[in-house]
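# Structural description and commentary
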Amino acid sequence: MTIKEKYYAIVSFPGDNYIDHVVHSSSKSEDVANEILSVINDTDSTESIYALICDDTNNSTGKINEIIRRLEKSLERPLQWLVCMLHFNEPFLESTLQY
């Protein structure tokens, strides 16, 4: 049996060093942002984080209270948003390739 979990991997660049990952307990943007912020604080990365890479879901990139914006508010500064549009095509491709 396969169990699928949604998670956020925390890595540092350059060097692609694995820092930690967050398996979120809920899909609420506030909860996910708080879990990621906990890792940022625990690793003393509040001053060294400059960018976030994420998919293009509204939960990640919404302009008011979504994950990246909440992190920016907590850190009291803007972050570079590196958004992957690859996932945008997934629903269409899944339904097309299913047959």
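Our structure's up above, just so we're on the same page.
Structural notes, computed from the coordinates. (Residues numbered from 1 in each chain as written. Predicted model: local features only at pLDDT ≥ 70, side-chain atom pairs only at ≥ 80, totals over all residues. Heavy atoms only, no water.)

### Some details on the environment of Ile67
Tracing the sequence through the fold places Ile67 in helix 3 (residues 67-75). Residue classification places Ile67 among the buried positions, given a relative accessible area of 3%. With 37 residues separating them along the chain, Ile67 and Glu30 place their C-alpha atoms 6.7 Å apart. (Helix = DSSP H or I, 4+ residues; strand = E, 2+ residues; numbered from the N terminus. Buried < 20%, exposed > 50% of the residue type's maximum accessible area, 1.4 Å probe, protein only.)

### Focus: unusual backbone geometry
Even without glycine at this site, Asp44 takes up a positive phi of about 50°. Tracing the sequence through the fold places Asp44 in the loop between helix 1 (29-42) and strand 3 (51-55). In this structure, Glu76 is a non-glycine residue whose phi angle is positive, near 60°. Summarising the element assignment, Glu76 is placed in the loop between helix 3 and strand 4 (80-84). Given a relative accessible area of 72%, Glu76 falls into the exposed group.

### Remarks on the packing of helix 1 against helix 3
As a packed pair, helix 1 and helix 3 sit with axes 9 Å apart at the nearest point and diverge in direction by 50°. Relative to helix 3, the element helix 1 lies oblique. Here the hand of the crossing between helix 1 and helix 3 comes out right-handed. For the pair helix 1 and helix 3, the contacting residues are Ser29, Glu30, Val32, Ala33, Ile36, Leu37 and Ile40 in the first and Ile67, Arg70, Leu71, Ser74 and Leu75 in the second. When grouped by side-chain class, the residues that make up the contact of helix 1 with helix 3 number eight nonpolar, two polar and two charged. (Axes fitted to C-alpha atoms, helices over the stretch in contact; angles between N-to-C directions. Parallel < 35°, antiparallel > 145°, perpendicular 65-115°, else oblique. Left-handed = near helix turned anticlockwise from the far one by under 90°. Contact = heavy atoms within 4.5 Å. Nonpolar A, V, L, I, M, F, W, Y, C, P; charged D, E, K, R; others polar.)

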